[in-house]
Amino acid sequence: MKSVDVLLGLQWGDEGKGKVVDVLTPRYDVITRFQGGPNAGHTLEFNGEKYVLRSIPSGIFQGGKINIIGNGVVLDPILFQQEAEALATSGHDITHQLYISKKAHLILPTHRILDAAYEAAKGSGKIGTTGKGIGPTYTDKVSRNGLRVGDLLHNFEEKYAKAKKRHETILKSLNYPYDIADLEAQWFASLDYLKRFKIIDSEYEINRLLQEDHPVLAEGAQGTLLDVDFGSYPFVTSSNTICAGACTGLGVAPRRIGKVYGIFKAYCTRVGSGPFPTELCDETGKKIRDIGHEYGAVTGRERRCGWIDLVALKYAIMIDGVTDLIMMKSDVLDTFKTIKACVAYRINGKETEIFPFEIDARIEPVYAELPGWLCDMTHIQQESDFPKEFKEYLTFLEGKLGVRIKIVSVGPDRKQTIERYL
Ligand code: GDP
Ligand code: IMO
Ligand code: MG
């Protein structure tokens, strides 16, 4: 019997999950997504090519693997078709490698409109969602009004008409103008496309594969600080992005979970609204954004940048039960003379290492300062070639976080990845 290893973002998303899933894929037979939807944008680079995946697991490029979209995912058939067709055009036909859970919920055209309408109604308090209908789709799931991929097989038109009517009533009450005629036609056409894929009882399939000794990797989307329960609520996404989400989003028991990879950037970013204690709204923040190309993988939105936050990271490690840490984008700090790391929060004059209930402007980060390494790390292939100051940064972080950093990434390419403690 094999286990499910889980790979999770520990910050506010965009840590580099796609790259690392691709790197780890040769060790697994099955790669699965368990939550989120096309709000994700996971970037992979190899052989001089760059790909961005939204709903499709990042194991799709390493031949012979099974990729599964689990029950916890919300799927937009239009965006799914665009993604799958773009892959086919670039020579990666995934039709026979990808299975979809019957229990995954469908994002309807009206969910997208509702997302925009709710954001407009919030005014300056808006969340800054990706506009993909994620919140309204999960809302329908929890309120027991959702449509699932398996519904395509029976009486679908009737179920759809009922859901649409309900959404139209809400949109009317919000006084939100919209026209979905084109979107709706496109949506129905893409449902036919979706039916080309194997639509399965994924919980049975995954447990069978485990039983038959096939190792499984679960690919998280978003990050722990965007989790609907433990993130910076209400500025979060609408799913459980934490390790426990892999159990409910795949139908595997907690005791089937093996390693938990926790992935973080050597600094920190956030896109959309919401608190960010270590944010740098100055030249240093701009420098990180420029060097790190910190713009949304799909939306192109500017990502807010700041120093690494060890209070938040320790909290995420605790919630997720991280066994192995992975540090990304180390090279982005190559030219910084001094590197800061937030080791505590000062709130009303008192220092704490607890991630508080209210994350607001009263939080003052307390920083440790470390010397930068001031050299190009992008060509480094082995740990022994790391500059002394970078080794010290790793030792400092491991001391504070209490978990080993097993992988270090020094560039976006598959090859720019160094394993430690082998
Ligand atoms: P994900 O959503 O967690 O998969 O991350 P994104 O793909 O949204 O954002 C990560 C970005 O950083 C992508 O553009 C990656 O190509 C890039 N990237 C990943 N690892 C590294 C790294 O070590 N160094 C640099 N410079 N870029 C990286
Ligand atoms: P990946 O998987 C970064 C953010 C949005 C917004 C909030 C809610 O690429 O790391 P939603 O559309 O989910 O209702 O938006 O969550 N957000 C992300 N930020 N990376 C992501 O995914 C994100 N998915 C959602 O910007 O603040
Ligand atoms: Mg991303």
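Residues numbered from 1 in each chain as written. Chains lettered and ligands numbered in written order. Predicted model: local features only at pLDDT ≥ 70, side-chain atom pairs only at ≥ 80, totals over all residues. Heavy atoms only, no water.

A. Geometry of the overall build of the chain. Across its full length, the chain holds 11 helices and 20 strands. Taken against the 2.2 N^0.38 rule, which gives 22 Å for 422 residues, the C-alpha radius of gyration of the chain at 21 Å falls within 12% of a compact globule. Structurally, the chain occupies a C-alpha span of about 65 × 50 × 40 Å along its principal axes. In the chain, buried positions account for 58% of the 422 residues. For the chain, long-range pairs separated by at least 24 residues make up 77% of all intrachain contacts whose partners lie at least 6 apart in sequence. In the chain, 53 positive and 55 negative side-chain charges are present, and the distance between their average locations comes to 3 Å. (Helix = DSSP H or I, 4+ residues; strand = E, 2+ residues; numbered from the N terminus. Rg over C-alpha atoms; globule rule 2.2 N^0.38 Å. Buried < 20%, exposed > 50% of the residue type's maximum accessible area, 1.4 Å probe, protein only. Contact = heavy atoms within 4.5 Å. Lys, Arg positive; Asp, Glu negative; His and termini not counted. Charge placed at Lys NZ, Arg CZ, Asp CG, Glu CD.)

B. Summary view of the site of ligand 1. Surveying the vicinity of ligand 1 reveals 20 residues, the closest of which are G16, K17, T43, D331 and S409. Separating an oxygen atom of ligand 1 from a backbone N or O atom of G16 is a distance of 2.8 Å. Protein contacts shield 93% of the accessible area of ligand 1, which totals 590 Å² for the unbound molecule. Of the residues contributing to the shell around ligand 1, the split by class is 5 nonpolar, 7 polar and 8 charged. (Near = heavy atom within 4 Å. Polar contact = N/O pair within 3.5 Å; in protein donor to acceptor, adjacent residues only side chain to side chain. Areas by Shrake-Rupley, 256 points an atom, 1.4 Å probe, with all protein chains shown as cover. Nonpolar A, V, L, I, M, F, W, Y, C, P; charged D, E, K, R; others polar.)

C. Representation of the sheet that holds strand β11 (residues 257-265). Here 10 strands make up an open sheet; going across it, the order is β9-β7-β5-β2-β10-β1-β11-β15-β19-β20 and the pairing mixed. Looking at the sheet topology across the chains shown, the edges are occupied by β9 (198-200) and β20 (417-419). Sheet twist, expressed as the mean angle between neighbouring strand axes with direction ignored, is 25°. Sheet topology places strand β2 (residues 30-33) next to strand β10 (residues 216-219); 4 bridges connect them, and they run parallel. (Pairing = 2+ DSSP bridges. Axes fitted to C-alpha atoms, helices over the stretch in contact; angles between N-to-C directions.)

D. Structural view of helix α4 (residues 134-142). For α4, the full list of buried residues reads I134, G135, P136, T137, Y138 and D140. The secondary structure elements touched by the buried residues of α4 are β6 (74-75), β8 (105-106), α3 (109-122) and α5 (156-173).

E. Structural detail: the pairing of β10. Both faces of β10 are covered, namely the face carrying V216 and A218 and the face carrying L217 and E219. Sheet analysis places strand β1 (residues 4-9) next to β10, joined by 4 bridges and oriented parallel. Its bridge partner lying in β10, V6 is registered against A218.

F. The packing of aromatic side chains, seen in detail. Per the counting criterion, the structure on display carries 19 aromatic pairs. Seen in terms of ring centroids, Y51 and F61 are 4.5 Å apart; in terms of plane orientation they differ by 40°. Their pairing is tilted. Here the residue Y51 occupies a position in strand β4 (residues 49-53), and F61 occupies one in the loop between β4 and β5 (66-69), the gap between them amounting to 10 residues. Pair check on accessibility: Y51 and F61 agree, each one buried. (Phe/Tyr/Trp six-rings, centres within 6.5 Å; stacked < 30°, edge-to-face > 60°.)

G. Region of interest: the coordination of the magnesium ion (ligand 3). Every protein donor of the magnesium ion (ligand 3) is listed here as D14 (OD) and G41 (O), and their distances to the metal cover 2.1 to 2.2 Å. Of this pair, D14 sits in the loop between β1 and α1 (17-24) while G41 sits in the loop between β2 and β3 (42-46), and the two are 27 residues apart along the sequence. (Donors = N, O, S within 2.8 Å, 3.2 Å for Na, K, Ca; no water.)

H. Structural detail: the site of ligand 2. Taken together, 21 residues lie near ligand 2, and D14, K17, H42, T130 and T237 sit nearest. The contact in question runs from an oxygen atom of ligand 2 to an N or O atom on the backbone of V271, over 3.1 Å. Note that an oxygen atom of ligand 2 is positioned 2.9 Å from one of the side-chain N or O atoms of R301. Expressed as a share of its isolated accessible area of 560 Å², the protein-covered part of ligand 2 is 98%. The residue inventory of the shell around ligand 2, partitioned by class, reads 8 nonpolar, 10 polar and 3 charged.

I. Local environment of the nonpolar core. The biggest cluster of nonpolar side chains holds 62 residues, and the ones touching the most others in it are Y393 and L397. The element best represented in this core is helix α11 (residues 388-401), accounting for 6 residues. Other than its neighbours up to four places away in sequence, Y393 contacts A266, I308, M327, I339, L370 and W373. Counting 38 residues, the second-largest nonpolar core is a separate cluster that includes L53, L152, L194 and I199. (Core = buried A, V, L, I, M, F, W, Y, C linked by side-chain atoms within 4.5 Å.)

J. View of the pattern of salt bridges. In this structure the tally under the stated criterion is 28 salt bridges. Across the pair E353 and K314 runs a salt bridge, and its minimum N-O distance is 2.8 Å. Of this pair, E353 sits in the loop between β17 (350-352) and β18 (363-371) while K314 sits in helix α10 (residues 310-320); the two residues are 39 residues apart in sequence, bridging distant segments of the chain. With a relative accessible area of 47%, E353 lands in the partly exposed category. Two residues, E383 and R420, come together in a salt bridge whose shortest N-O distance is 2.9 Å. Here R420 lies in the segment after β20 and E383 lies in the loop between β18 and α11, a separation of 37 residues in the sequence. Overlapping salt bridges, with partners in common, bring together D14, K265, E294, R303 and K329 in one network. (Salt bridge = Lys/Arg side-chain N within 4 Å of Asp/Glu carboxyl O.)

K. Spatial organisation of the side chain of K164. Mapping K164 onto the fold places it in helix α5. The exposure class of K164 is buried, given its relative accessible area of 19%. One polar contact links K164 to E184, side chain to side chain, over a distance of 3.0 Å. Not counting residues up to four positions away in its chain, the partners in contact with K164 are T110, I180 and E184.

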